[in-house]
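Understanding the architecture of this molecule
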Amino acid sequence: MDKPEGQPNFGPYTGGDPRRHVQLEMIAKFIAQSSGRDSVRILEVGSWTGQSALAWARFANLHFKQGGSMLCVDTWTPYANEIDREGHHLYRDMDKSLASGAALEAFHSNIKFAPANVRVDCVKATIAEISVFVTSLFDIIYIDGSHYAADVISDIEAAKLLIEDGGLDKAPRIIAT
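First things first, this report covers the structure right here in the doc. Predicted model only: the values in this text are computed from it and were never measured.

Turning our eyes to something else, we now look at the overall build of the protein chain. Broken down by element type, the protein chain carries seven helices and five strands. Seen in sequence order, the protein chain has helices and strands lined up from the N terminus as α-β-α-β-α-α-α-β-α-β-α-β. In terms of overall dimensions, the protein chain has C-alpha extents of about 50 × 40 × 30 Å along its principal axes. By residue count, 39% of the 177 residues in the protein chain fall in the buried class. Averaging the coordinates of the 17 positive side-chain charges in the protein chain and doing the same for the 23 negative ones gives two points 5 Å apart.

Right, let's get into helix 4 (residues 89-100). Taking 1.5 Å as the rise per residue, helix 4 with twelve residues should run 16 Å; its terminal C-alpha atoms sit 16 Å apart, in good agreement. Those residues of helix 4 that are buried lie in contact with helix 3 (82-87) and helix 5 (102-110). Just beyond helix 4, the residue with positive phi is Gly-101, at close to 90 degrees.

For the rest of this paragraph, the subject is the packing of aromatic side chains. If you walk through the whole model with that rule in mind, you get four aromatic pairs. When the ring of Trp-56 is compared with that of Phe-59, the centres are 6.2 Å apart and the planes differ by 80 degrees; the resulting orientation is edge-to-face. Within this pair, Trp-56 and its partner Phe-59 are both found in helix 2 (residues 51-63), separated by three residues, close to a single helical turn. Phe-59 carries the same exposure label as Trp-56, and that label is buried. Between Tyr-79 and Tyr-148, the aromatic rings sit 6.2 Å apart at their centres with planes inclined by 80 degrees, giving edge-to-face as the arrangement. Of this pair, Tyr-79 sits in the loop between strand 2 (68-74) and helix 3 while Tyr-148 sits in the loop between strand 4 (140-143) and helix 7 (149-160), and the two are 69 residues apart along the sequence. The class for Tyr-79 is partly exposed, based on a relative accessible area of 31%. Residue classification places Tyr-148 among the partly exposed positions, given a relative accessible area of 22%. Three or more aromatic residues joined by ring pairs form one cluster here, namely Trp-56, Phe-59 and Tyr-142.

The next thing to look at is unusual backbone geometry. Look at Trp-48: it is not a glycine, yet its phi comes out positive at around 50 degrees. By the secondary structure assignment, Trp-48 is in the loop between strand 1 (40-45) and helix 2.

Locating Ile-127 in the fold gives a position in helix 6 (residues 127-130). In sequence terms Ile-127 and Arg-173 are 46 residues apart; their C-alpha atoms lie 16 Å from each other.

The final tally for this structure, using the stated rule, is seven salt bridges. A salt bridge links Arg-41 to Asp-139, with the nearest nitrogen and oxygen atoms 2.9 Å apart. Residue Arg-41 is found in strand 1, and its partner Asp-139 is found in the loop between helix 6 and strand 4; the two are separated by 98 residues along the sequence. On the basis of relative accessible area, Asp-139 is assigned to the buried category, the value being 5%. Taking the shortest distance from any N to any O, the salt bridge between Asp-121 and Arg-119 comes out at 2.8 Å. Residue Arg-119 is classed as exposed on the basis of its relative accessible area of 56%. Through salt bridges with shared partners, a single network forms among Arg-37, Arg-41, Asp-139 and Glu-164.

Calculation notes
Residues numbered from 1 in each chain as written. Predicted model: local features only at pLDDT ≥ 70, side-chain atom pairs only at ≥ 80, totals over all residues. Heavy atoms only, no water. Helix = DSSP H or I, 4+ residues; strand = E, 2+ residues; numbered from the N terminus. Buried < 20%, exposed > 50% of the residue type's maximum accessible area, 1.4 Å probe, protein only. Lys, Arg positive; Asp, Glu negative; His and termini not counted. Charge placed at Lys NZ, Arg CZ, Asp CG, Glu CD. Expected span 1.5 Å × (residues − 1). Contact = heavy atoms within 4.5 Å. Phe/Tyr/Trp six-rings, centres within 6.5 Å; stacked < 30°, edge-to-face > 60°. Salt bridge = Lys/Arg side-chain N within 4 Å of Asp/Glu carboxyl O.

If you want it as structure tokens, here you go:
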């Protein structure tokens, strides 16, 4: 696949502290070194416009000889509650971007910048919905979808069923932000 011209465009609401990607890279590097594997399987829950997905793809390319694969799961539908939407423009704007399809469109445009040796697929669903048809387990699960407590707990519970067993001596591989 030919790489697109230009640069990824994540829009005004990329969110998060940029130091987070440094931490994510450290996790990917540790797993690569401690597992001795040539490739990695990553599940990202909550992909928004693809910023973290591209970061994970870059880390897979850098630290695993054969790159790997990533499944990005997001509903790409509005989810903020009324109090949050009324209280902060960020939630209103995010929900508008989700409702209009702009966030999903940006994701598809941005993910084209992933390294060629990292296969990236996406599914418009929740982690609970995909758990019934996923046939292989993941080495890393990154949860960055809804930040409401009940949703995070539900996502972590579903993730426990989809993580490759690495034993207690391995780094935490379900990462919730």
